[in-house]
Amino acid sequence: MYVAVKGGEQAIANAHRLLADRRRGEREQAELSVEQIGGQLRLAVDRVMSEASLYDPELAALALKQASGDLVEAVFLLRAYRTTLPRLAVSEPLDTGTMRIERRISAAYKDIPGGQVLGPTYDYTHRLLDFMQLAEGETPEPARADAALARCPQILDLLNAEGLIEREHDDGSEPADITRDPPDYPVDRAARLQMLARGDEGYLLALGYSTQRGYGRNHPFAGEIRLGHVDVEIHVKEWDETICIGEIALSECQMINQFGGSREVAPQFTRGYGLAFGHNERKTLAMALVDRALRAEELGEPISGPAQQAEFVLAHADSVEASGFVSHLKLPHYVDFQSELELLRRLRKAHGNARGSGDAAMEDAV
Amino acid sequence: MNGYNFAYLDEQTKRMIRRALLKAVAIPGYQVPFGGREMPMPYGWGTGGMQLTASILGGDDVLKVIDQGADDTTNAVSIRAFFERVAGVETTTATAAADVIQTRHRIPETPLEHDQILVFQVPIPEPLRFIEPSEQETRLMHALEEYGVMHVKLYEDIARYGHIATTYAYPVKVDGRYVMDPSPIPKFDNPKLDMSAALMLFGAGREKRLYAIPPYTRVESLDFEDHPFEIQQWDEHCALCGSDHSFLDEVITDDAGNRLFICSDTDYCLTRRGEVA
């Protein structure tokens, strides 16, 4: 006699207990602290903050610890927490021109006012495993300049002065807020950039890469990549004053792309833009490529590559949505499967009957 | 629970969702966009249904949660535990005792009453999605009541298989106007949508859409005069309660592939067994 399985509640509780045990690992090893993750797995923390769209290094590190280092799971944990937070104020637009530069390069010019500043980069490292790091050696202090860098002008502003690149206009309209309102396709560039900014890095990287291989090519130059801290300011109505409430680390990429132009407008370079929390350079490059690709319609270009199809690109960029829906296939589907079984058996029976009578007819003919 | 509002969502969000629900009830079968929030469960695991439940739940409501018709499937257990924790409401497995029933993939066999609300979890709310992937296009098609493609799709099934090959998420027309996806319930359950005494609400969290069938609304399953809509039938009876009229799940009992059939609606099956005993 079959007895339906019960006890899901206990099974779930036990599974979570086992998960906690695996997360902790061998008890002889010291437990990983949130401070260590924040201090030594910085790039993972920055990626989690970006895709969760919440700037909080400590909680992002906690999410990484809780997720056993699974970035997508950590993004989800932090995003779910973000939803519960009250919205106390809306900041003034950030001015990345005033960024306290840690790194800043341009691939378009050999030398630039303010200079090329490499900063902390994996570029030019030889990707040889450093076995010294298996042992616990001392890391030397970094070389330091005597004085802080002066404010660096934006490279694209220099092109702007000559009219060689399209200008960005602020039309003063209230930008969409993708965290409060459902996307209403077609969405404008402000909403698009928000969706790309929290989009999965791997996904944007693949799409950006596809434009370089000819699926919606847009001839990019990395006009400027900068990385550093920017003040966050809010306007306090009661005081009628703008005050600084802190600073956040940002990565920004301004891409210069091939010209547009028409009978009315002289040919000029076009732009793609990427912005992310923390040190997230690869993400901002990919985002800028995809942003530019999504401007195809606006710039009168043929839409030929996947990266140019706005609804396709944007509807599938969010890792929290994507991983949720893909993983829901693990949930029971007995009822739907039973419905398919019933139909398939019926179809196969009908097919067998039809074939049977068909064979008989053939024999009759012989 | 400490640190969270009653039923998890903040009151502003609940109000936004209730407003969208009122619109959905006023336009039966129409997909209303709403500012869906992240829930502490993954998208695709019932976040739409949970947001609706959270928005309509009151402190003295009794909640039932089922998945595949059963109260004891893991995700039903998990969602029920969530609302016990964040809303502290009373829960039940008895269909007749529940004020709000959140469901995935089934409508209970016991007929629902006019003071009950059934909340469906919806993965893809757009019935035209697999014919036309673009949201811009499908919205236009709904606005123009351009549903010919749906009948073409069903006709192609008949031409190819001799049957309409859609067995679940079978499209319906609500109150003679909107074509609607009833969520992936088996078509066996479609007749229960028609003139239902209970209010039926549908929530799609990831897609940020909700829709409704108000009580006593006409709901027709799409079909053709010469290929009328029909529901699944089994030669077998439920091995536990003997029912010959409920939706049956197939259970494989040994390595030789022997199987038996049992009611997918666990409460219905248990109640019948109690009555028989």
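Conventions used here
- Along each chain, residues carry numbers from 1 onward, in the same order as the chain's sequence is written.
- Chains carry letters and ligands carry numbers; both start at the beginning, A for chains and 1 for ligands, and go up in the order they are written.
- Confidence filtering applies because this is a predicted model: local features only for residues at pLDDT of at least 70, side-chain atom pairs given and counted only at 80 or more, and all residues used for totals across whole chains, interfaces and linings.
- As a rule here, side-chain values come from all non-hydrogen atoms in the structure, and water together with hydrogens is ignored.
- UniProt positions are given in the numbering used here, feature names are shortened, and annotations may be inferred rather than shown by experiment.
- Grid points spaced at 1 Å over the protein atoms alone were grouped into cavities, where a 1.4 Å probe fits but cannot get out, and pockets, open sets with protein on both sides within 12 Å along at least five of seven lines, with lining residues defined by an atom within 4 Å of a point.
- Grid points are joined across faces, edges and corners, and a volume is the space filled by probe spheres set on the points.
- Numbering of helices and strands runs from the N terminus, with a helix taken as a DSSP run of H or I at least four residues long and a strand as a DSSP run of E at least two residues long.
- Classification convention: Asp, Glu, Lys, Arg as charged; Ala, Val, Leu, Ile, Met, Phe, Trp, Tyr, Cys, Pro as nonpolar; all other residues, Gly among them, as polar.
- Axis lines are fitted through C-alpha atoms, for helices just across the contact stretch, and the angle between N-to-C directions can take any value from 0 to 180 degrees.
- To sort the angles, those under 35 degrees are grouped as roughly parallel, those over 145 as roughly antiparallel, those from 65 to 115 as roughly perpendicular, and the leftovers as oblique.
- Whether two residues are in contact is decided by their heavy atoms: any pair within 4.5 Å suffices.
- Take the residue count of a helix, subtract one, and multiply by 1.5 Å to get its expected span.
- Per-residue accessibility, obtained with a 1.4 Å probe over protein chains only, is compared with the maximum for each type, and a residue is labelled buried under 20%, exposed over 50%, and partly exposed between these values.
- Domain start and stop positions are those given by an automatic or database domain assignment.
- We define buried area as the total accessible area lost by two parts upon association, computed with a 1.4 Å probe and summed across both.
- Think of a salt bridge as a Lys or Arg side-chain nitrogen and an Asp or Glu carboxyl oxygen that are within 4 Å of each other.
- Counted as a polar contact is a pair of N or O atoms within 3.5 Å, where, for protein atoms, one must be capable of donating a hydrogen and the other of accepting one, and residues adjacent in sequence contribute only when both atoms are in side chains.

- The name given to chain B in an unreviewed UniProt entry is Alpha-D-ribose 1-methylphosphonate 5-phosphate C-P lyase, with the source organism recorded as Modicisalibacter muralis.
- According to the UniProt record, the Sequence similarities (unreviewed entry) comment for chain B reads "Belongs to the PhnJ family."
- As stated in UniProt under Catalytic activity (unreviewed entry), the record for chain B gives "alpha-D-ribose 1-methylphosphonate 5-phosphate + AH2 + S-adenosyl-L-methionine = alpha-D-ribose 1,2-cyclic phosphate 5-phosphate + methane + 5'-deoxyadenosine + L-methionine + A + H(+)".

- Per an unreviewed UniProt entry, chain A goes by the name Alpha-D-ribose 1-methylphosphonate 5-triphosphate synthase subunit PhnI and belongs to Modicisalibacter muralis.

### Looking at empty space enclosed by the protein
All names here are of chain B.
Phase 1 of the analysis: All told, the structure shown has 1 cavity of 30 Å³ or more when counted by the stated rule.
Phase 2 of the analysis: Of the pockets and cavities examined, the largest cavity occupies roughly 130 Å³.
Phase 3 of the analysis: Lining the largest cavity are 17 residues, with G44, W45, G46, V122 and P123 positioned closest to its centre.
Phase 4 of the analysis: Counting only elements with at least two residues in the lining of the largest cavity, the list comes to α2 (47-56) and β8 (199-204).
Phase 5 of the analysis: Split into classes, the residues belonging to the lining of the largest cavity amount to 5 nonpolar, 9 polar and 3 charged.

### Some words on the packing of helix α1 (residues 11-26) of chain B against α2(B)
Residues and elements named next belong to chain B.
Phase 1 of the analysis: Between α1 and α2, whose axes approach to 9 Å, the crossing angle comes to 100°. As summarised for this structure, α1 and α2 are arranged roughly perpendicular, according to the angle between their axes. Of the residues in α2, those touching α1 at K14, I17, R18 and L21 are Q51, L52, A54, S55 and I56.
Phase 2 of the analysis: Class assignment of the residues belonging to the contact of α1 with α2 gives a composition of 5 nonpolar, 2 polar and 2 charged.

### Let's talk about helix α9 (residues 281-293) of chain A
Phase 1 of the analysis: Look at α9(A): 19 Å from first C-alpha to last across 13 residues, which is about the 18 Å you get at 1.5 Å a residue.
Phase 2 of the analysis: For α9(A), the tally of buried residues reaches 11 of 13 residues, placing the bulk of the element in the interior.

### With respect to the domain arrangement of chain A
All names here are of chain A.
Phase 1 of the analysis: Domain boundaries assigned for chain A yield domain 1 (11-83) and domain 2 (96-119 + 149-168 + 176-321).
Phase 2 of the analysis: Domain 1 and domain 2 are separated by 29 Å when their C-alpha centres are compared.
Phase 3 of the analysis: Domain 1 puts 15 residues into the contact, and the matching count from domain 2 is 19 residues.
Phase 4 of the analysis: A buried area of about 1,400 Å², summed over both sides, lies between domain 1 and domain 2, and 50% of it is on carbon and sulfur atoms.
Phase 5 of the analysis: The largest share of the area that domain 1 buries against domain 2 comes from S50, Y55 and R79, three residues that together contribute 40% of it.
Phase 6 of the analysis: Summed over the shared surface of domain 1 and domain 2, the number is 3 salt bridges.
Phase 7 of the analysis: The residue D318 makes a salt bridge to R79 at a minimum N-O spacing of 2.7 Å.
Phase 8 of the analysis: Remark: the boundary between domain 1 and domain 2 carries 9 residue pairs in polar contact (both at pLDDT 80 or more).
Phase 9 of the analysis: Among the secondary structure elements, those contributing two or more residues to the side of domain 1 that touches domain 2 are α3 (42-52) and α5 (71-83).

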